[in-house]
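# Summary of the model geometry
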Amino acid sequence: MPIIRVENWLSVEWKYRVAPEILQACMSARVPGIDHERKVTVVFGGEIILRNNNVVVVFVEGLFTRRERTKKVRDRLARMIGDAVRTQLPDGYHVEVLVQRFDPRVESFYEV
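A brief report on the enclosed structure follows.

### Focus: the overall build of the chain
Looking only at helices and strands, one finds 2 helices and 4 strands in the chain. Ordered by position from the N terminus, the helices and strands of the chain form the series β-α-β-β-α-β. Rg of the C-alpha trace for the chain: 14 Å, near the compact-globule value of 13 Å for 112 residues, within the 12% margin. Summarising its shape, the C-alpha atoms of the chain cover approximately 40 × 25 × 20 Å along the three principal directions. A separation of at least 24 residues holds for 79% of the contacts in the chain among residues at least 6 apart in sequence. When the accessible surface of the chain is summed, it comes to about 7,100 Å², and 50% of that surface belongs to carbon and sulfur atoms.

In structure tokens:
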């Protein structure tokens, strides 16, 4: 279950507008094993946009390592999320998306 964390976001209204776009981008990216929006969590961390900083950073974390989740698949996921966020930003803003794999054989994970 990937967690998508958005940092340096614009406003409360903006996050409610962009969260569904991010979920739709995840579904459209056709990542193996992510076949329903319930398998994705979108959170907004930190403070609202920092002064003089026009970059929204999106971290895709907890994406379990699987053979079929190739670099090509991860690149597609990053691009689609970035494009979805970019459409919701004013001119002059940029998006950076970082996809980080998670290997449950090496790292700890617990779900209730």
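And the narrative resumes.
### Description of the sheet that holds strand β2 (residues 41-44)
Read across the open sheet, the 4 strands follow the order β2-β1-β3-β4; overall the sheet is mixed. Whereas interior strands pair on both sides, the edge strands pair on one side only; in this sheet they are β2 and β4 (94-102). This sheet shows a mean twist of 15° between the axes of neighbouring strands, independent of strand direction. Running at roughly 150° to β2, helix α1 (residues 12-28) makes contact with β1 (3-7), β2 and β3 (55-64) of the sheet.

### Focus on α1
Over its 17 residues, α1 runs 25 Å from end to end, which matches the ideal 24 Å to within 8%, given 1.5 Å per residue. Along α1, the sharpest change in direction is near 25° and occurs at Val 18; proline Pro 20 comes one to four residues later. Three or more residues of α1 are buried, namely Trp 14, Lys 15, Val 18, Ala 19, Ile 22, Leu 23, Ala 25 and Cys 26. The positive-phi residue at the C-terminal boundary of α1 is Arg 30, with phi of around 55°.

### Points about the nonpolar core
Among the nonpolar cores identified, the biggest contains 26 residues, and Ile 4, Val 6, Trp 14, Val 56, Leu 77, Ile 81 and Val 85 are the most heavily contacted of them. For this core, the secondary structure elements donating two or more residues are β1, α1, β3 and α2 (71-86). Examining the composition of this core, we find that 7 residues originate from one element, α1, more than from any other. Beyond its immediate stretch of four places on either side in the chain, Ile 4 contacts Ile 22, Cys 26, Val 40, Thr 41, Val 42, Val 43, Val 58, Phe 59, Val 60 and Ile 81.

Criteria and thresholds
- Residues numbered from 1 in each chain as written.
- Predicted model: local features only at pLDDT ≥ 70, side-chain atom pairs only at ≥ 80, totals over all residues.
- Heavy atoms only, no water.
- Helix = DSSP H or I, 4+ residues; strand = E, 2+ residues; numbered from the N terminus.
- Rg over C-alpha atoms; globule rule 2.2 N^0.38 Å.
- Contact = heavy atoms within 4.5 Å.
- Areas by Shrake-Rupley, 256 points an atom, 1.4 Å probe, with all protein chains shown as cover.
- Pairing = 2+ DSSP bridges.
- Axes fitted to C-alpha atoms, helices over the stretch in contact; angles between N-to-C directions.
- Expected span 1.5 Å × (residues − 1).
- Bend = angle between axes of the 7 residues up to and from the residue.
- Buried < 20%, exposed > 50% of the residue type's maximum accessible area, 1.4 Å probe, protein only.
- Core = buried A, V, L, I, M, F, W, Y, C linked by side-chain atoms within 4.5 Å.

Everything listed here is a matter of coordinates, which is why it stays silent on function.
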